[in-house]
Amino acid sequence: MPPYQPDYLTNYELGWKTTWLDHRLRFNGAVFDEEWKNFQFSFLGPNAITIIQNAGQARIRGLETDLEFAATQGLTLSGGFSWLDAKLTQAYCPGGPSVCLAPGQENYAPSGTQLPTTPKFKGDLTARYTFAMGGGFVGSLQASEVYVGARWADLRILARDELGQMPSYALTDLTVGVEKGGFNADLYVNNTFDKRAVLSRYAECDILSCGQIAVYDLPTIPRLIGIKFGQKF
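As the structure is a computational prediction, the values presented were derived from the model and not from experiment.

Along its length, the chain carries 3 helices and 15 strands. Taken against the 2.2 N^0.38 rule, which gives 17 Å for 233 residues, the C-alpha radius of gyration of the chain at 23 Å runs more than 25% over that of a compact globule. Overall, the C-alpha framework of the chain stretches about 75 × 40 × 30 Å when taken along its three principal axes. Within the chain, the proportion of its 233 residues that are buried is 34%. Taking all contacts inside the chain whose residues are at least 6 apart in sequence as the whole, residues at least 24 apart take part in 59%. Split by element, the accessible area of the chain, about 13,900 Å² in all, is 59% carbon and sulfur. Across the chain, the mean location of the 20 positive side-chain charges is 5 Å away from that of the 23 negative side-chain charges.

And the structure:
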């Protein structure tokens, strides 16, 4: 395997931390611009051996936020999101233009290609309600939603066309709990609606060597129902 060079990331960031409404509302965030020089990119080559190459220059611009709001004495709302514009600013072409621009060349991606495994948008939202139950017991109800946008599994154009785009997904978790004297018990349902979201996608052989390839998806865990106990010291 040929050697590869180190990569360098220069980050410019402007962030804020704020509180509002007599500290009931907290709103934090940051905007940033990351310049990525000679970033390292890995993929499966012949004989299913992982190859690492420098894929030229890339840039990631984005916005990240998180918010927490004590709406009432018992109800707390929290959430956040990130928006990313992550793309090549130089064509990925390790063999040079005369090789990469030839029809059917696998190791090629033009400038402006979205970086792999990176969604343009993802966010989460949680609502939690606590209430007195009598006898010193405190109950709680919680619902959480996570959304992840569509992503590509590979940087190279031929490979990503063969693998296809990983679709966006949303997952819901629900929890009912009770607490007293530092002891707590929670009944939870993760992935409440039993979604088969795709977390990652890959093939065990490159396209040029194997032709039609078998595509493998790593899915989320199916609906999971459980009980957990805890104690605070």
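We now examine the side chain of D154. With respect to the helices, strands and loops of the structure, D154 is situated in the loop between β9 (151-152) and α2 (157-163). Polar side-chain contacts of D154 include one of 2.9 Å to the backbone nitrogen of R156. The residues touching D154, leaving out its near neighbours within four places in the chain, are F41, F43, P116, A159, R160 and L163.

For the structure on display, the rule yields 8 salt bridges. Between R26 and D66 there is a salt bridge whose closest N-O contact spans 2.6 Å. Of this pair, R26 sits in strand β2 (residues 25-37) while D66 is found in strand β5 (residues 58-70), placing the two residues 40 residues apart along the sequence. Of the charged contacts in the structure, one is a salt bridge between R26 and E68, with a shortest N-O distance of 3.1 Å. Placement of R26 in strand β2 and of E68 in strand β5 is noted, with a sequence separation of 42 residues between them. A residue is classified by how much of its surface remains accessible, and R26, at 29% relative accessible area, is partly exposed. Taken together, the shared-partner salt bridges connect R26, D66 and E68 into one network.

Along the chain, the position of N107 falls in the loop between α1 (97-100) and β7 (121-134). In terms of polar contacts, N107 uses its side chain to reach the side chain of R156, at 3.2 Å. Sequence-distant contacts of N107, that is, excluding residues within four places in its chain, are made with F43, Y92, C93, P94, C100 and R156.

On to the sheet that holds β7. Taken in spatial order, the 9 strands line up as β1-β2-β5-β6-β7-β8-β11-β12-β15 in an open sheet, and their pairing is antiparallel. A single partner strand is all that each edge strand has here, and the edge strands are β1 (8-20) and β15 (224-231). On average, each strand axis in the sheet is inclined to that of its neighbour by 10 degrees, with strand direction left out of account. Pairing analysis gives 13 bridges linking β1 to β2, with the strands arranged antiparallel. Note on β2: the bridge partner recorded for W16 is G29.

Quick look at a nonpolar patch on the surface now. Where nonpolar side chains cluster on the molecular surface, the patch consists of Y129, L141, V176, L187, I225, I227 and F229 and spans about 730 Å² of accessible area. Sort the elements by how many residues they give to the nonpolar patch and β15 lands first, with 3 residues. With respect to the helices and strands, V176 occurs in strand β11 (residues 169-180). A residue is classified by how much of its surface remains accessible, and V176, at 44% relative accessible area, is partly exposed.

Calculation notes
Residues numbered from 1 in each chain as written. Predicted model: local features only at pLDDT ≥ 70, side-chain atom pairs only at ≥ 80, totals over all residues. Heavy atoms only, no water. Helix = DSSP H or I, 4+ residues; strand = E, 2+ residues; numbered from the N terminus. Rg over C-alpha atoms; globule rule 2.2 N^0.38 Å. Buried < 20%, exposed > 50% of the residue type's maximum accessible area, 1.4 Å probe, protein only. Contact = heavy atoms within 4.5 Å. Areas by Shrake-Rupley, 256 points an atom, 1.4 Å probe, with all protein chains shown as cover. Lys, Arg positive; Asp, Glu negative; His and termini not counted. Charge placed at Lys NZ, Arg CZ, Asp CG, Glu CD. Polar contact = N/O pair within 3.5 Å; in protein donor to acceptor, adjacent residues only side chain to side chain. Salt bridge = Lys/Arg side-chain N within 4 Å of Asp/Glu carboxyl O. Pairing = 2+ DSSP bridges. Axes fitted to C-alpha atoms, helices over the stretch in contact; angles between N-to-C directions. Patch = residues over 30% accessible without salt bridge, like charges linked within 9 Å, V, L, I, M, F, W, Y side chains within 5 Å.

So far we have only geometry, and geometry alone does not tell us how the molecule works.
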